[in-house]
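# Observations on chain architecture
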Amino acid sequence: MAKSTIYAGLEIGTSKICVVIGEAKRDGTIKILGVGTAPSRGVRKGEIIDFAKVQTCLNDALVRAEEPSDVMIRTVFLGVSGGHIESMNSRGAYRLPEDQSEITEDDVEEAKEIARNIPISQDNVFLHSVTRQYIVDGQEAVRNPIGREGRILEADYHIIHGLRGRVQNAVKCVREIPLEVEDVVFTAIAAAQVVLNRDAKAQGSLMIDIGGGTADYVLYEDGMIAASGCVPLGGDHITQDIAMALQIPHHRAEDVKVTEGSCLFDDIPPDEMLRIEDDNGFVLGEIERAFLNEVIYLRTREILEQVKVRCQEHIGRLAAGVYLTGGTSLMKGIDVVAQDVFERKVTRAGSAPVSGVTATFENPQFSAPIGLIRYAQILDQEKPFMSPLKRLGRKMADLLSVILL
Amino acid sequence: MVEYHRNPTTELTTSSPLKTCIVGIGGAGGSVLDRITMDRAVDATLVTMHTDIRVLSHSMSPVKIQLGVELMRGVGAGGDPELGREAAMYSREQIRNAIQGHDIIFICVGLGGGTGSGAAPIVAEIAKSTGALVFLTATMPFSFEGKRRLTQAEDSLKQLENRTDALILFENNRMGELTLPKDGIQKAFVQADQLIAQSLRAVSTIITTPGLVKLGLDDLTSALSTSNGRCLFGFGEARGQNRGSEALKRALKSPLIDQGRLLHQTKTLLVHIAGGDSLTLVEVDSIMKQLGKNVPDQTHILFGVAVDPKLGESISVTLISSLGLTQLNTLAAAAPPSEMLPLKERSMPSMLSAVAAKPAPQLKHVPAAEPMDMLFGNDQFSQPEPQAAVVEQPDMFEQESFTSEPEPVVNAEEIPFEEEIFEEVAETEVTEQVSHQIPEPEPEPETVKPIVRPRIKDFIPTSTARSTTHLTSVVARTPTPKPTPTVEEEAPFAPPLNSVAAKKPLVSTQEEQIAFRFGVDDDRGRFKNTEPALAGGEDLDVPTWMRLKRKLKK
């Protein structure tokens, strides 16, 4: 069956808005058809603060992605992030009825229901509930419990939730374009789908997607997601630190960061100076390179340390080490700092190879949007296959419901 | 383990033969008692004790005891537990007469202040010596009240531990979530009192009403036995359809349980379900099943059911447990800091200024010096900038002139020594009153006033003197730094603002009060209007190097 589906992933980031259009083939491969990015305005720390600005930028990005790929996008997978996103592991135990010893689908559903029924605050909404494993009578790591004999079935869940209002605002913003949002995905989950391979997940790995406004992380252990979350710190903070330290405008600081910035300041001679120019090319002043780098170093280290604090208990079990991705992972010397913080092997990685626009997947900036496509593909594979007739029927029903409303 | 007499409960079912007495000590204790009096929630003798005659005269409870009449002359203890203790010693005969002949004595107190922390151990001792069971319901001070009050509270707690049969401790810091941010401050006060009143009622019901599945004092103490633990208390009552799960939901909603999140950590949980004659087994079963989802398997659940005809059609669910302070704090930090911390940050200074009308301006304005401090410390590249920043805060200048002005006035006016003490007392008392309650995000002075107005009025004759004495003491304390030594130190990039240097020592003397402040908006740059990213008491949006520098300076 060589059926393929076209998906669009949309990430509204703090520094850029990115739309990736990809073709997910039935055999599990992905072909990138088009990528559109636009510098983002009106987003702070991963959260939208100015709707109108974001929508303008989003339209730009959309056009840029649609043009080369010759695809018209109607629905997107939306990546969300932000400091409000939290995660927890929950386990639900279900005791089978006395007269039954074989686990059925209903029992699994019941166990899932119990596991997912955790008290989260009224304002929060579930983003993902990922099955980690099933446990049958205390025997761990059961992938598919249906049909097994057992008395007690436990479902182990990793649940990611965020503030309802914030998530809905992002969705609303996209809907006004108008685009339909097919699913809302926590960006770290998406990025992990393409950054971490099966081996890395099995051995235990931590992926940190350091973007403009947030550092999203996912930690895998024994092939199961063990922790995830978001530190509301990112490249934007580095830029701000520079801007405030050097007393220069934000966009100049951004330039300095990208062109000259590095996290390493030990080996730089103290008298090595760096010229800071203003927008017209006039020299504003000179600063010591070591000073600039130290400012960057302090912030970068702090971001990584914040991630470390949040998954402290798992750090010891990361055989495959730490994977850095996202725009800020391009910072020079960040791997050295990460090595220092985590004391683990550090890999800077983009997305796993996919076909299509090759420059895209090598760039860690695009890990999350490509991951969204992969995520969509995985979702699709998990869905039961529907015959075209059935699908048509469903579409008609959808249409009807719209008309009736 | 304390002996519990079973016979009275088996003999009588209609009226409780156990005589209960509730004692409220100090400001916080008094207001809880008022609440209980108004609600007529508990069938007990109510006794209010306070050193301050003014507070006492507003109290609604039938029995009032003024502590240390000769010693204190009707003035509060001024945050000094020693005074509170002495006062209670003076009045111990009166106390004994009031509380004698009861089987159970609840002591209700807000720790950290003078009267409460000082007198409570004495009262507990007397209560114990009458042969009654002694329960203590205490609130621990808000963290922004400073280390000193916390130490006072803890000292007092240590003394109380040996003298009481059970301790029910409430963390004031958690009380902030009781009300909606937009609710008036009075409502917040009322709710906090109500919660404590509820807990008192629940505990007394659990112990006194006969149960189908009985819970006794031993169960209660084991539920509360965590070293340095804080009480997790939830109470819910509901009627009508689905009343069981509704009641449980309400109980879990209690902020002290944090949507049931905190229950994940507890070792022992006491559950008490009470209902009218219509209570069914199925209902109890479903409540327990639902509750089971919120509680880990290894938790020891102490379960009790009682049928109380008074409840009629409704069901009440009471959850009591305790959690170590450290655990509680880590959890709290992990869970809802975004709502809790900024709340304090915004509300406290203005609240202080609103309530403690005179002494507060210092507290309020001192933090304003901080951004300056930061700015000229770091401003290495441009000089004009800080000036602009200063102009943005004109109240700095106002404050400056305000501080210096009264000086001559004071010199001209002879202020008696007594009054100075008086003023000190007043100040702490006023703040104490506030601090037992909830930080309120919208502390409009109008809403605050009713609570303290009578006392402020009482002090009106001395108020002018007060303000000046306080200011002089402040001015006198900081004469040296005025001639701008800091400016010389960091001459190249210092802003031309002497007032900053003058204010600096104040920052250190009153550091405790401003410790709750996080990043000042100016330091947050482009993240000014976003939700602060807080970790370990720091605002991570403020540049790392800036925070590091600040730390090094200290």
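Criteria and thresholds
- Residues numbered from 1 in each chain as written.
- Chains lettered and ligands numbered in written order.
- Predicted model: local features only at pLDDT ≥ 70, side-chain atom pairs only at ≥ 80, totals over all residues.
- Helix = DSSP H or I, 4+ residues; strand = E, 2+ residues; numbered from the N terminus.
- Contact = placed C-beta atoms within 7 Å.
- Buried ≥ 20, exposed ≤ 12 C-beta atoms within 10 Å, placed from the backbone.
- pLDDT = per-residue confidence, 0-100.
- Core = buried A, V, L, I, M, F, W, Y, C linked by C-beta atoms within 7 Å.
- Domains from an automatic or database assignment.
- Pairing = 2+ DSSP bridges.
- Axes fitted to C-alpha atoms, helices over the stretch in contact; angles between N-to-C directions.

## Side note on the overall build of chain A
Helices and strands together make up the secondary structure of chain A, namely 12 helices and 19 strands. Residue pairs at least 24 apart in sequence account for 69% of intrachain contacts in chain A once pairs closer than 6 positions are excluded.

## A word on the environment of B:Ala132
Residues and elements named next belong to chain B. With respect to the helices and strands, Ala132 occurs in the loop between α7 (115–129) and β5 (133–140). On the basis of neighbour counts, which here come to 22 C-beta atoms within 10 Å, the residue Ala132 falls in the buried class. A sequence separation of 29 residues divides Ala132 from Asp103, and the C-alpha atoms of the two residues are 4.7 Å apart. Not counting residues up to four positions away in its chain, the partners in contact with Ala132 are His102, Asp103, Ile104, Ile105 and Ala127.

## Describing the confidence of the model for chain B
Residues and elements named next belong to chain B. When pLDDT is averaged along chain B, the result is 64; 55% of the residues meet or exceed 70. Counted against residues more than four places away or in other chains, residues 7–16, with its pLDDT under 50, gives 7 contacts. Long-range and interchain partners of residues 332–519, a stretch whose pLDDT sits below 50, account for 236 contacts in this model, where long-range means more than four residues apart. For this predicted complex, the interface confidence reaches an ipTM of 0.74, while the overall pTM sits at 0.50.

## As for the nonpolar core
Grouped together as the largest cluster of nonpolar side chains are 107 residues, with contacts concentrated most on A:Val20, A:Met207, A:Tyr217 and A:Ile242. With 8 residues, the single largest contributor to this core is helix α8 (residues 289–310) of chain A. When residues of this core are assigned to domains, at least three fall in each of domain 1 (1–87 + 161–197 + 352–405) and domain 3 (200–351) of chain A. Among all residues touching A:Met207, those that are not within four sequence positions of it are A:Ala191, A:Ala192, A:Val195, A:Leu196, A:Tyr217, A:Val218, A:Tyr323 and A:Thr325. Residues B:Val134, B:Leu160, B:Leu256 and B:Leu262 belong to the second largest nonpolar core, which totals 100 residues.

## A closer look at the sheet that holds strand β4 (residues 104–110) of chain B
All names here are of chain B. Strands sit in the order β3-β2-β1-β4-β5-β6 across an open sheet of 6 strands; the sheet is parallel. A single partner strand is all that each edge strand has here, and the edge strands are β3 (63–66) and β6 (166–171). Strand after strand, the sheet turns through a mean of 15° between neighbouring axes, direction not considered. Here helix α2 (residues 26–39) sits on the sheet and contacts β1 (20–25), β2 (45–50), β4 and β5; the angle it forms with β4, its principal contact strand, is near 125°. The strands touched by α7 within the sheet are β1, β2, β4 and β5, with β4 carrying the most contacts at an inclination of about 170°.

## As for the environment of A:Tyr7
With respect to the helices and strands, A:Tyr7 occurs in strand β1 (residues 4–12). Dropping the residues within four chain positions of it, A:Tyr7 is found in contact with A:Gly22, A:Ala24, A:Phe77, A:Ile373 and A:Ala376.

## Observations regarding the pairing of β4(B)
All names here are of chain B. Among the 7 residues that make up β4, 7 are buried, leaving the element largely enclosed by the rest of the structure. Because side chains alternate across β4, one face comprises the buried residues Ile104, Phe106, Cys108 and Gly110, and the other comprises Ile105, Ile107 and Val109, equally buried. Sheet topology places β1 next to β4; 6 bridges connect them, and they run parallel. Bridging across to β4, Gly24 finds its partner in Cys108.

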